[in-house]
Amino acid sequence: SPPRHPTHEVATVPAGAPPWVTPELIEHTLRVWQPFYEDQLISEDALEIIMSVDRVSDLLSSGGRHETIRSTSSREQP
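**Q** Provide a residue-level description of the side chain of Thr 29, including the pertinent values.
**A** Assignment of secondary structure puts Thr 29 in helix 1 (residues 23–33). Other than its neighbours up to four places away in sequence, Thr 29 contacts Ala 46, Ile 49 and Ile 50.

Shown next as structure tokens:
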């Protein structure tokens, strides 16, 4: 059978998104992340993903100045 393609129209940028979020970025995010989700993702989902990645990027680039990241493998045994 032919490959399935999402049947969404051109993505729109949700209200409240930063000015650097474009319809193309929303569409790209939907294409990349949709295979990992059972439910059909929408533009608002893509924006949430984009903003989460942006926060992680900010945290990593800050060198841990604001928060300490603890390794899950360093848990103390009860």
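Still more ground to cover, so stick around.
**Q** Give a detailed account of helix 2 (residues 43–61), specifying residues and quantitative values.
**A** Taking 1.5 Å per residue as the helical rise, helix 2 with its 19 residues ought to reach 27 Å, and the 27 Å between its terminal C-alpha atoms agrees with that figure. Among the residues of helix 2, those classed as buried are Ser 43, Ala 46, Leu 47, Ile 49 and Ile 50. Around the axis of helix 2, the buried residues are gathered within 160 degrees of arc, so they sit on the same side. Facing away from the buried side of helix 2 by more than 90 degrees, the exposed set consists of Glu 48 and Arg 55.

**Q** Break down helix 1 for me, citing the residues and quoting the values.
**A** Residues Ile 26, Thr 29 and Leu 30 constitute the buried set of helix 1. Within helix 1, the buried residues cover an arc of 100 degrees as seen down the axis, which keeps them to one side. For helix 1, exposure combined with an orientation more than 90 degrees from the buried face picks out Glu 24 and Arg 31.

Analysis parameters
Residues numbered from 1 in each chain as written. Predicted model: local features only at pLDDT ≥ 70, side-chain atom pairs only at ≥ 80, totals over all residues. Heavy atoms only, no water. Helix = DSSP H or I, 4+ residues; strand = E, 2+ residues; numbered from the N terminus. Contact = heavy atoms within 4.5 Å. Expected span 1.5 Å × (residues − 1). Buried < 20%, exposed > 50% of the residue type's maximum accessible area, 1.4 Å probe, protein only. Arc of directions from axis to C-beta.

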